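Residue-level structural notes
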Amino acid sequence: RMPIFQSKPIQIQALQIKARADLNSVSVFEHASEIEAFGKDFVKVFAADDLSLTVECITLNGKVMANPTDWLMLKDDEVYPCPDKVFKERYEPVP
């Protein structure tokens, strides 16, 4: 029989990349600034115009692109993108 493992509980900081339709009164450029501040030197945001942005995460495994609705997870000065569905399955807010 193969051994079974379970994830250890960890705490992370996270920020969701908002889709354009979810920005409300915040411009793409303002959201891009928020993402860059969160990701420190590990995230580059390219805002092509006021409708779209591309988020590039610099990870230990190289550059990884993040999409709207993905979450950026920050722990120990590392940033990784995580799809919304996976994030919601694995994480919940800490009270």
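Data block above holds the structure.
Predicted model, so just to flag it, every value in this text is computed and none were measured.

The rules behind each value
- Residues numbered from 1 in each chain as written.
- Predicted model: local features only at pLDDT ≥ 70, side-chain atom pairs only at ≥ 80, totals over all residues.
- Heavy atoms only, no water.
- Buried < 20%, exposed > 50% of the residue type's maximum accessible area, 1.4 Å probe, protein only.
- Helix = DSSP H or I, 4+ residues; strand = E, 2+ residues; numbered from the N terminus.
- Pairing = 2+ DSSP bridges.
- Contact = heavy atoms within 4.5 Å.
- Core = buried A, V, L, I, M, F, W, Y, C linked by side-chain atoms within 4.5 Å.
- Salt bridge = Lys/Arg side-chain N within 4 Å of Asp/Glu carboxyl O.

**A look at the pairing of strand β5 (residues 71-75)**
Judged by how many residues are buried, β5 sits mostly within the fold: four of five residues are covered. Where strand β1 (residues 13-16) lies against β5, four bridges are found, and the strand directions are antiparallel. Residue Gln16 lies in a different strand from β5, and its bridge partner there is Trp71. Bridge count for β5 against strand β6 (residues 78-82) is five bridges, and the pairing is antiparallel. In the sheet register, Trp71 faces β6, and the bridge partner there is Cys82. In this antiparallel pair of consecutive strands, β5 and β6, the connection spans two residues, and Asp76 shows a positive phi of 50°.

**As for the pairing of strand β4 (residues 62-66)**
Residues in a regular strand project their side chains so that they alternate between the two faces of the sheet. Across five bridges, the pairing between strand β3 (residues 53-59) and β4 is antiparallel. Paired with Cys57 across the strands is Val64, a residue of β4. Turn length for the β3-β4 hairpin, with the two strands adjacent in sequence and antiparallel, is two residues.

**Here we look at the side chain of Asp84**
Here Asp84 shows up in helix α2 (residues 84-90). Since its relative accessible area comes to 18%, Asp84 is described here as buried. If we ignore the near neighbours within four places in the chain, the residues touching Asp84 are Gln16, Thr69, Asp70 and Trp71.

**A short note on the nonpolar core**
The biggest cluster of nonpolar side chains holds 16 residues, and the ones touching the most others in it are Ile35, Val43, Leu53, Val55 and Leu72. Those elements that provide at least two residues to this core are α1 (28-39), β2 (43-47), β3 and β5. The element that contributes the greatest number of residues to this core is α1, accounting for four residues. Apart from residues no more than four positions distant in its own chain, Leu53 is found in contact with Ile17, Val28, His31, Ala32, Ile35, Val45, Phe46 and Ala47.

**Some words on the pattern of salt bridges**
The final tally for this structure, using the stated rule, is three salt bridges. Where Lys75 meets Asp76, a salt bridge forms, and the shortest distance between an N and an O atom there is 3.1 Å. Taking the relative accessible area as the measure of exposure, Asp76 reaches 61% and is therefore exposed.

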